[in-house]
Amino acid sequence: MKRQIPLIIIITLGFMFVAHSFIPHKISTDFFDWYQDWVKAVSPFAVSLGIMSLFMVHGTKIKRKISNWQYSVITLAGLVFTAFAGFMWGTQSGTPYMWLFENVQMPMSATMFALLAFYIASAAYKAFRARSAEATVLLIAAIIVMLGQVPLGAMISKWIPESSTWILNVPNLAAKRAIMIGVGLGMTATSLKILLGIERTYLGGGD
Amino acid sequence: MNKNVIKLFDKMQNIDRRYIYIVVALSIIIPLLIPFNSRTYVTKPTEDIYKKIDSFAGDETKAILMSFTHDASTMPELFPMEVSVLRHCFERNIKVFTICWLPAAAPLVDYALNTAKEDFDVQSGVDYCNFGYKPYVLRLPIMLGMGDDIAKAVETDSQGRKIENLEIMKNIKNYDDMNLVIDFAASSSALQWITYARARFGANIAAGVTAVMVADNYPYLQTGQLMGMFRGLKGAAEYEKLVDVFAAYESKDYPNGRPFSKEIIKETRVPITGDTVPYKYKKARIGMNAQSIAHIMIIFFILLGNIGYFITRKKEL
């Protein structure tokens, strides 16, 4: 029963959603409205669960003084203070919440993402070598696309942005599309297997 | 080859990466601090979005939706796009809705709206409406629900007001009216809009993505499932220029912006030095200067690394 009931729920609802996509009947629309209401009611619990989980994980770290526990204090303090600022003074422009966003979260997040540029430059210098014919093609394509992306490329020659667009539009597209078709077929096959009850590994166990 | 040259390249093969970091940092920081004028070439995917949005100018029965699916980390690339689109809408009296799916994106939407609206006489609930943060799990039901009735699917805006009571909702019911959705993301999340809003309801979908995600979205652009795409910071810079040249253009003949023309865009250069254009509306173009230099530096490093590689390999042989 522990496996059969979830299986029945998944198969029944799965087929109902497939039917909803193809049959625009009132029953189908009503079913979808009912589903929407339930999702809206259930989703806030996921937030509560997330907050509880965060407190439990970091609370344990602080309690047991596990290495780098000080970061957990900052995480929890950040969570509590940001939430407090939002509830207390709102989230509009000029409030402490917005100040935190503009002066703490925004620059810190952007800084983390910007680190990529340094790693790319270093990796390009140390590892991007024309060791084989394939690597040479990749290297030339990368240089053309990089030049085509900036105004300087067009200033050097009109041919550079055009070649860059061609690389993105033809070889890149062919490879992407092949991967996508493969993934799409795989997803369809897996979905069908789940709907028909053949694929059950998500329930736990391997049969 | 001269022994000293070989020795130099040998040494450079094992250069401390911190020197590379310093060069990259300087090549980004200096152009940001000292802006210079460079030409912005407008490409078709950006041009198509501009023309589509502009076709809604002054039309009470049409609106666009801006979907924010990213957090602050990708703001340097995506934020200038968002501000430019908002500026375009406010300049040309186009109804605009905003929605976000990540808690971290909620203040970002407010920040974008506050940045753009301070130069215009626009009102929330009348000229624009922020649907606010909706949990990601609701993305699919809301996306599908908006195909039938936006007010029913979204229910309330960020200020808790009932959507159906807002003046902006007059003549706006579903995707037939809110006929353009632009998804700003650092992923391929526009695919969901294509699958559900476009395939099922025929909505026009466009994407604003970070440069690294451009290649992933190209298949949809080529098939027309994406009617346009902002391709990283370059796309943002292109749109900034389009808004400067057309939507924000004022003259006796065109008091509220002028219509798009390929000839004008080819001929016009908008200087980014000086105070002609406010800083917030030329951020992407200043950023493109830094990107240009950074790309050149990276290409230089690749070439230098390869020259060193071949010289040292020859020596080993």
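Whatever comes next refers back to the structure up there.
Since the model is a prediction, treat every value here as computed from it, not as a measurement.

(A) Up close: the overall build of chain A. Along chain A, the regular secondary structure elements total eight helices and zero strands. Walking chain A from its N terminus toward its C terminus, one meets helices and strands in the order α-α-α-α-α-α-α-α. Relative to a compact globule of 207 residues, whose C-alpha radius of gyration would be 17 Å, chain A shows 26 Å and is clearly more extended. Summarising its shape, the C-alpha atoms of chain A cover approximately 65 × 50 × 40 Å along the three principal directions.

(B) Representation of the interface of chain A and chain B within the structure. Tallying the contact residues gives 46 residues for chain A and 47 residues for chain B. Among the secondary structure elements, those contributing two or more residues to the side of chain A that touches chain B are helix H2 (26–63), helix H4 (96–127), helix H5 (133–148), helix H6 (151–156), helix H7 (159–169) and helix H8 (171–195) of chain A. Ranked by residues supplied to the side of chain A that touches chain B, first place goes to H4(A) with 17 residues. Its residues placed into classes, the side of chain A that touches chain B shows 29 nonpolar, eleven polar and six charged.

(C) View of the pairing of strand S1 (residues 63–69) of chain B. All names here are of chain B. Counting buried residues in S1 gives seven out of seven residues, a clear majority hidden from the surface. Burial along S1 is two-sided: the face carrying Ala63, Leu65, Ser67 and Thr69 and the face carrying Ile64, Met66 and Phe68 are both buried. In the sheet, S1 pairs with strand S2 (residues 95–100) via six bridges, with the strands oriented parallel. Bridge pairing links Ala63 to Lys95 in S2. One crossover worth recording links S1 to the parallel S2 by way of helix H4 (residues 75–91), and it is right-handed. The pairing of S1 with strand S4 (residues 180–185) spans six bridges and is parallel. Counted as the bridge partner of Phe68 is Phe184 from S4.

(D) Structural view of H7(A). Of all the residues in H7(A), the buried ones are A:Ile160, A:Pro161, A:Ser164 and A:Leu168. Along the axis of H7(A), the buried positions cluster into a sector of 95°, meaning they face one direction only. Its buried side turned inward, H7(A) meets H5, H6 and H8 of chain A together with helix H9 (214–223) of chain B.

(E) Spotlight on the nonpolar core. Residue and element names in this part refer to chain B. In this structure, Ile64, Ile205 and Leu226 are the most contacted members of the largest nonpolar core, which totals 111 residues. Inspection of this core shows a minimum of three residues originating in each of domain 1 (3–37 + 286–316) and domain 2 (44–268). When near neighbours in sequence (up to four residues on either side) are disregarded, Ile205 contacts Val181, Ala190, Trp193, Ile194, Ala197, Arg198, Gln225, Leu226 and Met227.

(F) Broad picture of the sheet that holds strand S5 (residues 204–209) of chain B. All names here are of chain B. On the basis of which strands lie adjacent, the open sheet formed by six strands has the order S3-S2-S1-S4-S5-S6 and parallel pairing. Each edge of the open sheet is held by one strand with a lone partner, namely strand S3 (128–133) and strand S6 (228–231). On average, adjacent strands in this sheet sit at an angle of 15° to one another, irrespective of strand direction.

(G) Structural view of the packing of H4(B) against helix H10 (residues 232–247) of chain B. Residues and elements named next belong to chain B. Running from N to C, H4 and H10 point in directions that differ by 20°, and their axes come no closer than 8 Å. In this view, H4 runs roughly parallel relative to H10, as classed from their interaxial angle. In this structure, the crossing between H4 and H10 has a hand that is left-handed. Note on element contacts: H10 touches H4 through Gly232, Leu233, Gly235, Ala236, Tyr239, Glu240, Val243 and Ala247, opposite Glu77, Pro80, Met81, Ser84, Val85, Arg87, His88 and Glu91. Taken together, the residues of the contact of H4 with H10 sort by class into eight nonpolar, four polar and four charged.

(H) Local environment of the packing of helix H3 (residues 44–54) of chain B against H10(B). Residues and elements named next belong to chain B. Two numbers describe how H3 lies on H10: the axes approach to 10 Å, and their chain directions differ by 40°. Looking at the two axes, H3 sits oblique to H10. Judged by the sense of rotation from one axis to the other, the crossing of H3 with H10 is right-handed. Together, Thr46, Tyr50 and Asp54 of H3 and Gly235, Glu238, Tyr239, Leu242 and Ala247 of H10 make up the contact between the two elements. Classifying every residue of the contact of H3 with H10 by side-chain character gives four nonpolar, two polar and two charged.

(I) Structural context of the environment of B:Gly147. Residues and elements named next belong to chain B. Looking at the secondary structure, you find Gly147 in the loop between helix H6 (139–145) and helix H7 (150–154). Residue classification places Gly147 among the partly exposed positions, given that 17 C-beta atoms sit within 10 Å. Linking Gly147 and Gly125, residues 22 residues apart in sequence, is a C-alpha distance of 21 Å. Contacts of Gly147, omitting those with residues within four sequence positions, involve Asn174, Tyr175, Ala197, Arg200 and Phe201.

(J) Up close: H9(B). Buried within H9(B) are the following residues: B:Val214, B:Asn217, B:Tyr218, B:Pro219, B:Tyr220 and B:Leu221. B:Gly224 sits one or two positions beyond H9(B) and adopts a positive phi of about 90°.

(K) Seen up close, the pairing of S5(B). All names here are of chain B. For S5, a buried count of six out of six residues is recorded, marking the element as mostly surrounded by other parts of the structure. Here S5 shows no split at all, with Asn204, Ala206 and Gly208 on one side and Ile205, Ala207 and Val209 on the other all buried. Examined bridge by bridge, S4 and S5 share six bridges and lie parallel to one another. Bridging across to S5, Ala185 finds its partner in Val209. The handedness of the S4 to S5 crossover, carried by helix H8 (residues 190–201), is right-handed. Across four bridges, the pairing between S5 and S6 is parallel. Looking at S6, one finds that Val209 is bridged to Arg231. In this region the chain leaves S5, passes through H9 and returns to the parallel neighbour S6; the handedness of that crossover is right-handed.

Conventions used here
- Residues numbered from 1 in each chain as written.
- Chains lettered and ligands numbered in written order.
- Predicted model: local features only at pLDDT ≥ 70, side-chain atom pairs only at ≥ 80, totals over all residues.
- Helix = DSSP H or I, 4+ residues; strand = E, 2+ residues; numbered from the N terminus.
- Rg over C-alpha atoms; globule rule 2.2 N^0.38 Å.
- Contact = placed C-beta atoms within 7 Å.
- Nonpolar A, V, L, I, M, F, W, Y, C, P; charged D, E, K, R; others polar.
- Buried ≥ 20, exposed ≤ 12 C-beta atoms within 10 Å, placed from the backbone.
- Pairing = 2+ DSSP bridges.
- Right-handed = clockwise from strand over helix to strand, strands pointing away.
- Arc of directions from axis to C-beta.
- Core = buried A, V, L, I, M, F, W, Y, C linked by C-beta atoms within 7 Å.
- Domains from an automatic or database assignment.
- Axes fitted to C-alpha atoms, helices over the stretch in contact; angles between N-to-C directions.
- Parallel < 35°, antiparallel > 145°, perpendicular 65-115°, else oblique.
- Left-handed = near helix turned anticlockwise from the far one by under 90°.

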